[in-house]
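Structure assessment
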Amino acid sequence: MAEARIISVAQALQEATDLAMARDPRVYLMGEGVADPKGIFGTTSGLLAKYGRERVIEMPISENGMTGVAIGSAIGGQRPIMVHQRVDFALLSLEQLFNNAAKTHYVSNGYHKVPMVVRMIVGRGWGQGPAHSQSLETLFAYIPGLKLVMPATAFEAKGLLLAAVEDDNPVIFLEHRWVHYSTGHVPQEWYKIPLEGSRIARLGQDLTIVATSYMLFEALLAAKYLAEAGIEAEVIDLMIARPLNMAPILDSLAKTGRLMTVDTGFVTHGLGAEIVARAVERGSSSLRAAPARLGLPDHPTPSSRELVRRYYPVSLDILDKAAAMAGLSEERLAPVRACLSIERDKVPFDVPYPAFRGPF
Amino acid sequence: MFRTMLRIRMVEEMIAARYSEQEMRCPVHLSTGQEAVPAGVCAALTRRDEIVSTHRCHAHYLAKGGDLKAMLAEIYGRATGCCGGRGGSMHLMDPSVGMALSLPVVSSAIPVAVGLALGYRQRSEDRVSATFLGDGSVEEGVFHESMNFAALKKLPVLFVLENNFYAVYTKLADWQPDRPFEELARAHAVPAARADGNDVSMVASATAEAVARARRGGGPTLLVFDTYRWREHCGPGYDNDIGYRSEDEFLAWRERDPVDLLRRRLTAKRVLRDGEEQTMTSSIRSEIEAALQAARAAPFPQAHTAADHVYG
């Protein structure tokens, strides 16, 4: 039965790319390692054999130049998918992305289109350190003309990538490396999920948690324990950071009166800052508690697993913050917190939490 | 080609003359003195071939056949401009004649032209793309990145280096070692040719050879054309007095005026007959006058449309 098919995000992305290439001969793939034996963590495996070197292009180590090539080809009618194994490498391509990909449709008064997808992978763990673990979503979220997608789950990853390929705009597709392991039910056939906004991953009426990417799983775990303490959190998987659709978040806030954001990136000037600011501007009458933002502290990612221990927010932090916002008493929080703490401590901090593999 | 060059000269000089009226409210980078390169290069291309230009794009736009009315309207910030007023003088485009777009950040245009060429290959189209760059552009990594990939895939793209010896107010010798640009191409296994960029015949023949190579699958070429910008880097004036170059140097280049060189050659060969240039000049003048009037009379884009076309 199709319903029983459970695959990982990495497999879902490979499948989406395959379907997109089969469906439209203008789609081609380009990146450092797309044609190598490891196939970008499996997300491009098998595509070279199926589509050949004309459409699966092993890219010279020239991030800015090749982004310009992708843009030129897209303006001419092709639909490139470019992949960077780390966001940190893609930084070299910001000139082309910001000046040309994002603006050509606008500057040409709507004449030119730049239909391209740039996949970038956010690293984490195993001591990768300051230049292999940056989650720089706000850089891209800042630029009008770019779209920014941050998937967390397999069904959504596939549908969002297929929609991104069909979109006539440059789409940054930011994949957290640890998200690649999460699994879920994914239909075999082609389908797309519009790049229009978030989805409610869990219903609740006491607190709204807007989580991005991998933080969705930490938020869902925290929500499970919060429920045991009598707090029902509504968890929103942001998915699309630009264009930012605030409507579902404001609707949820109107119901819960409490808003927390949990990002994979920095708190300062982070996605949460924008979401909270808009919520305060437009939904302040609903607020029953000061909004809270969780994310990374103001320093680069250290390598040592001891230094990174407090760096990434985890479900315990979410639990504590939510309890404070909801005015949960210490007596009701403590036993729940102890249980979650025991569960969370079973796994080292520098590898993906196995329970987050799903299926979701 | 003579008419093309004369037309570029007259348009640029009209802009220089009227710029102080403060109605063209965007930076202008004039091509006066550099007319032979765009005229010669574009003469070797067909309408279906595409070019990607830079901040100094007026001459490229006109040489490729871009619509003068839309160009002036753009510089005047009008709704009828080639970018609807969203680009200004540095973003001229007319895709209907293969003037694909202009990108004003140094070297930014180069890989985009390579991408157009990759698209021709992927769609099996018999077309060539060309990109214009300056002497300073070879310092950017993206120049080398583009050459490397174009050579690897043998893409039908021309890298046209207009060497005017100055990056804004700095002499080439102050920021690059004394080495021929052609050697940079050879390091990437790209053939290169260098010619007098003020001699339009040499520009056209060098380009024609490169185009022929590209069309038969022989890949990219770097074309280096030495020329000279008469007016200031940005703006309508002359700036030989501010100290970065000498009046003597300017006058020596002016002696080698590309328009005049061709005029003398054509007159000697009796290709350009008595009175013919006058007729040409007066028809171009009327065209410019009409385009100017149309631009000035055209409506401005409405402020509420400023947020249109962010997404397509």
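None of these values were measured; they are calculated from a predicted model.

1. Notes on the pairing of strand S14 (residues 292-296) of chain A
Residue and element names in this part refer to chain A. Of all five residues in S14, five are buried, a share of seventy percent or more. Judged from the four bridges that link them, strand S13 (residues 259-266) and S14 form a sheet pairing that is parallel. Bridge pairing in S14 places Val262 opposite Leu294. Crossover connection from S13 via helix H11 (residues 271-283) to parallel S14: handedness right-handed.

2. Remarks on the confidence of the model for chain B
Per-residue confidence for chain B gives a mean pLDDT of 97; residues scoring 70 or more make up 100%. Two summary scores accompany this predicted model of the complex, namely pTM at 0.97 and ipTM at 0.96.

3. Observations regarding the pairing of strand S4 (residues 79-84) of chain A
Residues and elements named next belong to chain A. By the criterion of burial, S4 is predominantly enclosed, with six of the six residues buried. What you see with S4 is no split at all: Arg79, Ile81 and Val83 on one side and Pro80, Met82 and His84 on the other are buried throughout. Looking at chain direction, strand S2 (residues 27-31) and S4 are connected through five bridges and run parallel. Its bridge partner lying in S4, Met30 is registered against Met82. Looking at chain direction, S4 and strand S5 (residues 116-122) are connected through four bridges and run parallel. Bridge assignment links Ile81 to a residue of S5, and that residue is Val117.

4. Considerations on the sheet that holds S4 of chain A
Pairing between the strands of a sheet comes from backbone hydrogen bonds, and it takes one of two forms, parallel or antiparallel. All names here are of chain A. Ordered in space as S3-S2-S4-S5-S7-S6-S12, the seven strands form an open sheet in which the pairing is mixed. Both outer strands of the open sheet, strand S3 (56-58) and strand S12 (240-242), are each paired with one neighbouring strand and no more. Going from strand to strand, the sheet's axes swing by 20 degrees on average, the running direction of each strand aside.

5. Some points on the sheet that holds strand S9 (residues 199-202) of chain A
Residues and elements named next belong to chain A. Reading across from one edge, S9-S11-S10-S13-S14 is the order of the five strands in this open sheet, with mixed pairing throughout. Because the sheet does not close on itself, it has two edges, and the strands there are S9 and S14. Ignoring strand direction, the axes of neighbouring strands in this sheet form an average angle of 25 degrees. Note that S9 and strand S11 (residues 233-237) share three bridges and pair antiparallel. Its bridge partner lying in S11, Arg199 is registered against Asp237. Along the sheet, helix H9 (residues 215-228) contacts S9, strand S10 (207-211), S11 and S13; its crossing angle with S11, the most-contacted strand, is approximately 170 degrees. Across the sheet, helix H10 (residues 247-256) is in contact with S10, S11 and S13; its angle to S10 comes to roughly 155 degrees.

6. Some remarks on helix H13 (residues 330-344) of chain A
Between its first and last C-alpha atoms H13 of chain A spans 20 Å; for 15 residues at 1.5 Å apiece the expected length is 21 Å, and the two agree. Those residues of H13 of chain A that sit buried are Leu333, Val336 and Leu340 of chain A.

7. Quick word on the domain arrangement of chain A
Residues and elements named next belong to chain A. When its domains are assigned, chain A resolves into domain 1 (2-185) and domain 2 (199-349). Its C-alpha centre places domain 1 at a distance of 27 Å from the equivalent point of domain 2. Facing 23 residues of domain 1, the contacting portion of domain 2 comprises 23 residues. Looking at the side of domain 1 that touches domain 2 residue by residue, the classes come out as 13 nonpolar, seven polar and three charged.

8. Topic: the packing of helix H4 (residues 68-75) of chain B against helix H12 (residues 276-297) of chain B
Residues and elements named next belong to chain B. Two elements in contact, H4 and H12, have axes separated by 8 Å at closest approach and are oriented at 45 degrees. The angle between H4 and H12 places the two elements in the oblique class. Crossing of H4 over H12 shows right-handed handedness. Judged by residue contacts, Leu68, Lys69, Leu72 and Ala73 of H4 engage Glu287, Ala291, Leu292, Ala294 and Ala295 from H12.

9. Things to note about the nonpolar core
Soluble globular proteins tend to bury their nonpolar side chains together. Residues and elements named next belong to chain A. Core analysis: the largest hydrophobic core is formed by 196 residues, its most contacted members being Val149, Ile209, Ala219 and Ala322. Among the elements that make up this core, the one with the highest residue count is H9 (10 residues). Two domains each donate at least three residues to this core, and these are domain 1 (2-185) and domain 2 (199-349). Residue contacts for Val149: discarding those within four places in its chain leaves Leu160, Ala164, Val171, Phe173, Leu174, Leu195, Met239 and Ile240.

Parameters and conventions
- Residues numbered from 1 in each chain as written.
- Chains lettered and ligands numbered in written order.
- Predicted model: local features only at pLDDT ≥ 70, side-chain atom pairs only at ≥ 80, totals over all residues.
- Buried ≥ 20, exposed ≤ 12 C-beta atoms within 10 Å, placed from the backbone.
- Helix = DSSP H or I, 4+ residues; strand = E, 2+ residues; numbered from the N terminus.
- Pairing = 2+ DSSP bridges.
- Right-handed = clockwise from strand over helix to strand, strands pointing away.
- pLDDT = per-residue confidence, 0-100.
- Axes fitted to C-alpha atoms, helices over the stretch in contact; angles between N-to-C directions.
- Contact = placed C-beta atoms within 7 Å.
- Expected span 1.5 Å × (residues − 1).
- Domains from an automatic or database assignment.
- Nonpolar A, V, L, I, M, F, W, Y, C, P; charged D, E, K, R; others polar.
- Parallel < 35°, antiparallel > 145°, perpendicular 65-115°, else oblique.
- Left-handed = near helix turned anticlockwise from the far one by under 90°.
- Core = buried A, V, L, I, M, F, W, Y, C linked by C-beta atoms within 7 Å.

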